[in-house]
Amino acid sequence: MNTQTSSAPAGQKVSLVLNGEPRSVAVGTRVDALLKTLGIVGGKVAVERNRAIVPRSQFSEVELLQGDEIEIVRFVGGG
Amino acid sequence: MAQLEQCGGTSSDSWVVAGRTFHSRLIVGTGKYRDYQENADAAEAAGAEMVTVAVRRVNLTDPNEPMLVDYLKPDRFTFLPNTAGCFTGEDAVRTLRLAREAGDWNLVKLEVLSDPETLYPDMVETLRALEMLVADGFDVMVYASDDPVMARRLEDAGAAAIMPLGAPIGSGLGLQNKLNLRLIAEQAGVPVLVDAGIGTPSDAAIAMELGCDAVLLNTAIAEAQDPIGMARAMKLAVEAGRLAYLSGRMPTRKYGSASSPEHGKIS
């Protein structure tokens with residue numbers, strides 16, 4: 001379990017690319033808080049940060065950093 | 001290997017993929033339906049135990065839109081995550097790693113497509129992706145061309161099931177190469193499923209008569225005028241085809257062979 005720490009000053013925002021769209025969040029935001037902010041509650045989602053899976057068990061530990069590329073996916077209908 | 005014991009019916013007939021036993025030999029997709037409710041009703045009517053699902057970005061502008069899992073419950077259906085829309089091995093592996101994290105299971109469907117027009121599988125990329133996935137601990141059911149040599153390569157590389165196409169995805173053109181499908185089914189030591197191209201129940205019945213272990217289809221039900229009725233028709237066709245395969249069909253002859261006695265005719 002490695003908790004990352006941002007080097008950006010407190011009170012500032014970090015810029016991310018979230019599901020392909022630019023977005024900014026408060027410094028120190030972690031994955032679980034991001035999901036809550038986005039209104040994603042329940043359902044099975046998976047999160048990828050810079051092409052690496054973020055295990056669900058680490059949602060409350062992994063902090064979002066400047067320039068992160070985040071993907072949030074779920075199951076949808078498909079053949 | 002699928003169980004092929006004679007049973008005189010389909011109730012005790014089952015097949016096994018990657019250690020998981022299924023009684024339904026009809027796997028249905030979850031795309032192209034009017035809504036998830038119709039989809040769930042069709043999956044029930046089909047008697048399906050396994051459904052394919054896709055992995056896509058959460059819609060951030062409407063994160064609370066209807067969710068697949070609210071209608072097709074993961075405790076009722078085994079979800080088979082697919083890699084539909086992937087054109088490289090890396091994309092497919094990335095997609096399935098996300099699927100494994102979202103679903104907490106490792107049975108997946110691999111498909112790596114070659115071009116958007118034919119949706120024909122790129123078997124070189126598919127084989128490469130299969131090797132990566134097997135090394136990463138996945139149980140992989142592989143969408144494939146109907147080439148018996150490639151089917152053997154996939155099995156050698158650790159595929160949990162071989163799923164040759166009957167015809168291009170969504171085409172409804174039926175089984176274009178029954179000879180190859182039969183060869184693949186005969187030689188394989190893992191389950192063989194016809195995946196893609198089935199347009200109508202007789203196609204599904206023929207796939208089963210050829211010795212396939214199951215069929216996987218989506219559009220033939222979803223785009224029927226009455227998807228629920230068609231789902232039931234597909235269920236019956238798969239059961240009929242399976243029972244016919246187990247029962248052993250009559251030999252074909254070039255000429256007629258009378259069924260009534262020659263002796264005792266009144267004239």
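Whatever comes next refers back to the structure up there.
About the thresholds
Residues numbered from 1 in each chain as written. Chains lettered and ligands numbered in written order. Predicted model: local features only at pLDDT ≥ 70, side-chain atom pairs only at ≥ 80, totals over all residues. Heavy atoms only, no water. Helix = DSSP H or I, 4+ residues; strand = E, 2+ residues; numbered from the N terminus. Buried < 20%, exposed > 50% of the residue type's maximum accessible area, 1.4 Å probe, protein only. Contact = heavy atoms within 4.5 Å. Areas by Shrake-Rupley, 256 points an atom, 1.4 Å probe, with all protein chains shown as cover. Rg over C-alpha atoms; globule rule 2.2 N^0.38 Å. Lys, Arg positive; Asp, Glu negative; His and termini not counted. Charge placed at Lys NZ, Arg CZ, Asp CG, Glu CD. Pairing = 2+ DSSP bridges. Axes fitted to C-alpha atoms, helices over the stretch in contact; angles between N-to-C directions. Core = buried A, V, L, I, M, F, W, Y, C linked by side-chain atoms within 4.5 Å. Buried area = accessible area lost by both parts, 1.4 Å probe. Salt bridge = Lys/Arg side-chain N within 4 Å of Asp/Glu carboxyl O. Polar contact = N/O pair within 3.5 Å; in protein donor to acceptor, adjacent residues only side chain to side chain. Nonpolar A, V, L, I, M, F, W, Y, C, P; charged D, E, K, R; others polar. Parallel < 35°, antiparallel > 145°, perpendicular 65-115°, else oblique. Left-handed = near helix turned anticlockwise from the far one by under 90°.

J.: Explanation requested: the overall build of chain A in the structure shown.
T.: Of regular secondary structure, chain A possesses one helix and five strands. Counted from the first residue to the last, chain A has its helices and strands arranged as β-β-α-β-β-β. Across the 79 residues in chain A, those meeting the buried criterion constitute 41%. Expressed as a percentage of contacts within chain A between residues at least 6 apart in sequence, the contacts between residues at least 24 apart total 59%. Working note: accessible area of chain A is about 4,000 Å², and carbon and sulfur atoms make up 50% of it.

J.: Explanation requested: the overall build of chain B in the structure shown.
T.: For chain B, the helix and strand inventory stands at nine helices and 10 strands. The C-alpha radius of gyration of chain B comes to 20 Å, within 12% of the 18 Å expected for a compact globule of 267 residues. In terms of principal-axis extent, the alpha carbons of chain B reach across some 85 × 40 × 35 Å. A buried classification covers 51% of the 267 residues belonging to chain B. Across chain B, the fraction of contacts at a sequence separation of at least 24, relative to all contacts at a separation of at least 6, is 65%. Each charge class in chain B was averaged separately, 24 positive and 36 negative side chains, and the resulting centres sit 6 Å apart.

J.: In this structure, what is going on with the sheet that holds strand 6 (residues 107–110) of chain B? I would like to understand it.
T.: Whether parallel or antiparallel, the strands of a sheet pair through hydrogen bonds between backbone atoms. Residue and element names in this part refer to chain B. Pairing is parallel across the open sheet formed by three strands, whose spatial order is 6-7-8. The sheet is open, and its two borders are formed by strand 6 and strand 8 (161–164), each paired with just one other strand. Across the sheet, the mean angle separating the axes of adjacent strands is 20 degrees when strand polarity is ignored. As judged from the four bridges shared by strand 7 (residues 139–144) and strand 8, these two strands associate in the parallel manner. The partner of Ala144 across the bridge, within strand 8, is Pro164.

J.: What should I look at first to understand the nonpolar core in this one?
T.: Leu110, Leu154 and Val215 of chain B are the most contacted members of the largest nonpolar core, which totals 68 residues. A per-element tally of this core places helix 3 (residues 89–103) of chain B first, with six residues. Those residues within four positions of Leu154 of chain B in sequence are excluded, and the remaining contacts are Met123, Thr126, Leu127, Leu130, Val142, Ala144, Ala159 and Ile162 of chain B. Listed in part, the 19 residues of the second largest apolar core include Ile70 and Ile72 of chain A together with Val58 and Leu60 of chain B.

J.: Can you help me understand the environment of Leu243 of chain B in this one?
T.: Residue and element names in this part refer to chain B. Along the polypeptide, Leu243 turns up in helix 9 (residues 227–247). Classification of Leu243 by relative accessible area gives partly exposed; the value is 30%. Spatially, the C-alpha atoms of Leu243 and Leu127 are 33 Å apart, while their sequence positions differ by 116 residues.

J.: What exactly am I supposed to notice about the interface of chain A and chain B here?
T.: Many authors give the size of an interface as the accessible area that is lost as the parts come together. Residue-level contacts link 28 residues of chain A with 33 residues of chain B. A combined buried area of about 2,700 Å² lies between chain A and chain B, and 58% of that area is made up of carbon and sulfur atoms. In this assembly, chain A and chain B are joined by three salt bridges. With its nearest N and O atoms 2.7 Å apart, the salt bridge here joins Glu71 of chain A to Arg57 of chain B. Between chain A and chain B we count 13 residue pairs in polar contact (both at pLDDT 80 or more) in total. Residues of the side of chain A that touches chain B, tallied by class, amount to 14 nonpolar, seven polar and seven charged. Sheet topology note: the strand 5 (residues 69–77) of chain A/strand 4 (residues 50–57) of chain B ladder contains five bridges and is antiparallel. Following the sheet pairing, Arg74 of chain A is matched in strand 4 of chain B by Arg56 of chain B.

J.: When you look at the packing of helix 1 (residues 36–45) of chain B against helix 9 of chain B in this model, what are you seeing that I'm missing?
T.: Between two packed helices, what matters for the description is the angle formed by their axes and the separation of those axes. Residue and element names in this part refer to chain B. Look at helix 1 against helix 9: their axes get within 7 Å of each other, and the N-to-C directions meet at 25 degrees. Relative to helix 9, the element helix 1 lies roughly parallel. For the crossing formed where helix 1 meets helix 9, the hand is right-handed. Touching Glu38, Asp41, Ala42 and Ala45 of helix 1 are Pro227, Ile228, Ala231, Arg232 and Lys235, all from helix 9. Split into classes, the residues belonging to the contact of helix 1 with helix 9 amount to five nonpolar, no polar and four charged.

J.: Would you mind going over helix 1 of chain B with me for this structure?
T.: Since one α-helical turn is 3.6 residues long, residues separated by three or four positions face the same way. Counting buried positions along helix 1 of chain B yields seven of 10 residues, so the element is predominantly enclosed. Burial in helix 1 of chain B covers these residues: Tyr36, Glu38, Asn39, Ala40, Ala42, Ala43 and Ala45 of chain B. Summarising the contacts, the buried residues of helix 1 of chain B are in contact with strand 5 of chain A together with strand 3 (26–28), strand 4, helix 2 (68–71), helix 8 (219–222) and helix 9 of chain B. Where helix 1 of chain B begins, the capping side chain belongs to Asp35 of chain B, and its oxygen is found 3.2 Å from the backbone nitrogen of Gln37 of chain B. Two residues or fewer after helix 1 of chain B comes Gly47 of chain B, characterised by a positive phi angle close to 70 degrees.

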